[in-house]
Each structure stands twice: as structure tokens, then as C-alpha cells.
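# Observations on chain architecture
Spelled out from the first residue to the last, the chains are:
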Amino acid sequence: MFIPNTTATVYPKTGLNIYGEPSFGSSYLVECGIVRINTASINTTVRADSSASRGSSDEEVSVAKILFKKPINRGDKVVIQGMTLLAIKTEPRLAVTGVLDHYEVDFAAWSDV
């Protein structure tokens, strides 16, 4: 049995604007439980050809797994504990009795850049 221990703000994806950027509807609060949130800053190359200059940049990477009572759709933006995440996969999870208990959602880092 899933018992939520925190809340998150969900911004449901409503479509794309004229520039091909995602647009979002009104936010709402939802109860959830964090399984894991891993964030890291990795060093990546700036140039595609990896020239002799060896230019590099730091990229923030997040991987999270969070449990929700309500379904979260792929592409929705979720803000939890000051971090903004992008929902990439939602799977229903059943209780031992075979009834729907909660949804397990995997997230990637959200980048506004």
C-alpha cells in the first residue's frame, strides 16, 4: 500500500506553441513519494568534432523515480523540492490483491535552455 509523504506541483503539457516549444496548462498539487532523485554535473564536449581545443561544458543531469496516486503523462513538467523534472515514462503498479495502487513515474532533467 502506497502512502505519499510529500507533494509536487504538476504542469500538464497541453501542446506546442508556434515555435515548437511545449506549452503547459494550469498547475496543480499532487501527493507523491520519492523513490530516488539523482543529480550530477557531468563534463561534456562543446564541439561536435572534439577539436584540439578540447572545449567542454558542465551539463546538469537528473534521473528520478517518483510514485504518484494520480497518473502523470509523458511530457508533463513536475516541480518537487525545488527541482524541475520532465516525465518520460509512467507505469501503473498493482497491489498484491491485483488492484491499482499507484503510478511509478520516471523523470529526466528539465532544461529551459
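Residues numbered from 1 in each chain as written. Predicted model: local features only at pLDDT ≥ 70, side-chain atom pairs only at ≥ 80, totals over all residues. Heavy atoms only, no water.

## What to know about the packing of aromatic side chains
Scanning the entire structure with this criterion turns up two aromatic pairs. The cationic tip of K77 hangs over the ring face of Y11; the distance from NZ or CZ to the ring centre is 5.3 Å. (Phe/Tyr/Trp six-rings, centres within 6.5 Å; stacked < 30°, edge-to-face > 60°. Lys NZ or Arg CZ within 6 Å of the ring centre and 35° of its normal.)

## What about the pairing of strand 8 (residues 100-109)?
Most of strand 8 is tucked away, with seven of its ten residues classed as buried. With nine bridges joining them, strand 7 (residues 83-94) and strand 8 adopt antiparallel strand pairing. If you follow L85 over to strand 8, its bridge partner there is A109. The hairpin turn running from strand 7 into strand 8, its antiparallel successor, is five residues long, and G98 in that turn takes a positive phi close to 95 degrees. (Buried < 20%, exposed > 50% of the residue type's maximum accessible area, 1.4 Å probe, protein only. Helix = DSSP H or I, 4+ residues; strand = E, 2+ residues; numbered from the N terminus. Pairing = 2+ DSSP bridges.)

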